[in-house]
Amino acid sequence: MKQRLCSVLKSIIKLPAAIPFKRICGRLYEIIIPHRGDDKGSLVRKAIIILLLICAAVCITLLGIIAGRHGNNRKKYSEIQSVMNNILKQQENEDGGLDFSALYERNSDIKAWISIPDTSVNYPICQYSDNDYYHNFDLKKSEFGTLFLDYTNTVSGENASQNLTVYGHSMSNDQMFTSLLKYHKLSFYKAHPYITLITPELQMQYKIFAVMVAAAKPEDDNGYFYDFTKCDFAKQRDFLSWADEARERSIFNLNVDVLPDDRVLTLSTCDYVFDNCRLVIMARRQRIGEESGIDTETAVNNPNPRYPKAWYDKRKKAYPFG
């Protein structure tokens, strides 16, 4: 047993010849392995050490598996990003748009491409027949999922939705929509006030006008649900009222106006301010002929944003909205 332990350790650990490896193995054998003559206290101590070593081995193995999955997902999307980069470098097609055929070869459900400059957000957006079909880009189940468009939305054409909602996971490794959580800080917004959305027909820049903490279900907001996913509006005043409420709920006061005919892009990801919380970023499309610049220096924290009731409950504060 002792010789076997030494052989195993020697095959794993490469030590200089000057170090007395056999002596070290012998000492470890005495500390770890139970043997005849051990008193009760020694046996208990060795049992605990063995259990801790087993737990450590399991944890290291699991961490290795997780790191491998993260790496594989990052590599997969890096390949897809290279495909998109090549598309952007190529000449526009005869209709004045972009040829997405190389992307469609990877996944025919792609509807658009989204990026936020100088962040990790640089991904294709897919769309499915419902919002419950979470899987990754290669149509295999994955904890990463993929960015996807609300199934009720229409991206382009005469019936294009006035508000497009894109969902994505927030991971622990800055993939997918994790970068959105950084918008809790005003300084991050000031450095990243734009979102780019690309379809085969158009390349569009959007200006962020609201950043909010939202509830995913009415019971987290006193029975009320602010529907940030609403995609079409019967009347212009309905749209403006909806946009005004987004500003009321925004944690920042931002110098970006919203007009009745504007188009909005809404990004939603899981947040951890309270259970079932969402961080929502809302931006409106840059208008034709409008200057691209944003006066981010006028952006300030909203001193009294309207949070969902669950936010106040978690902080044991009175809900101020009745």
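Look a little higher up for the structure.
Residues numbered from 1 in each chain as written. Predicted model: local features only at pLDDT ≥ 70, side-chain atom pairs only at ≥ 80, totals over all residues. Heavy atoms only, no water.

> Give a detailed account of the overall build of the protein chain, specifying residues and quantitative values.
The helix and strand inventory of the protein chain stands at seven helices and ten strands. For the protein chain, the proportion of its 322 residues judged to be buried stands at 44%. Taking the intrachain contacts of the protein chain between residues at least 6 apart in sequence as the baseline, contacts between residues at least 24 apart amount to 61%. Accessible surface, the protein chain: about 18,000 Å² in total, of which carbon and sulfur atoms supply 53%. (Helix = DSSP H or I, 4+ residues; strand = E, 2+ residues; numbered from the N terminus. Buried < 20%, exposed > 50% of the residue type's maximum accessible area, 1.4 Å probe, protein only. Contact = heavy atoms within 4.5 Å. Areas by Shrake-Rupley, 256 points an atom, 1.4 Å probe, with all protein chains shown as cover.)

> Go over the nonpolar core, please, and point to the residues and values.
Grouped burial of nonpolar side chains is what soluble globular proteins tend to show. Counting residues in each nonpolar core, the largest one holds 75 residues, and the members touching the most others are Ile114, Tyr189, Ile195, Leu267 and Met282. Among the elements that line this core, the one with the most residues is strand β6 (residues 203-215), at nine residues. Leaving out residues up to four positions away in the same chain, Ile114 has contacts with Val121, Asn122, Tyr123, Ile125, Leu147, Phe177, Ile195, Thr196, Leu197, Leu265 and Leu267. (Core = buried A, V, L, I, M, F, W, Y, C linked by side-chain atoms within 4.5 Å.)

> Talk me through unusual backbone geometry; I want residue IDs and the actual numbers.
Despite not being glycine, Asp118 has its phi angle at roughly 65°, a positive value. Turning to its location among the elements, Asp118 is positioned in the loop between β1 (110-115) and β2 (122-127). Non-glycine residue Asn222 carries a positive phi angle of around 60°. Following the sequence through the fold, Asn222 ends up in the loop between β6 and α6 (236-249). What makes Asn222 partly exposed here is its relative accessible area of 44%.

> Can you explain the packing of aromatic side chains? Please cite residues and give values.
Overall, the coordinates contain 17 aromatic pairs when judged by the stated rule. A centroid spacing of 5.2 Å and a plane angle of 75° characterise the contact between Phe233 and Phe239, whose relative ring orientation is edge-to-face. Each member of the pair, Phe233 as well as Phe239, carries the same accessibility label: buried. Residues Tyr319 and Phe321 carry aromatic rings whose centres are separated by 5.6 Å and whose planes lie at 65° to one another, so their mutual orientation is edge-to-face. Under the relative-accessibility criterion, Tyr319 is labelled buried at 14%. Residue classification places Phe321 among the partly exposed residues on the basis of a relative accessible area of 30%. Through a chain of ring-to-ring contacts, three or more aromatic side chains come together here, namely Tyr307, Trp311, Tyr312, Tyr319 and Phe321. Its end group placed over the ring of Phe321, Arg306 keeps NZ or CZ at 4.6 Å from the ring centre. (Phe/Tyr/Trp six-rings, centres within 6.5 Å; stacked < 30°, edge-to-face > 60°. Lys NZ or Arg CZ within 6 Å of the ring centre and 35° of its normal.)

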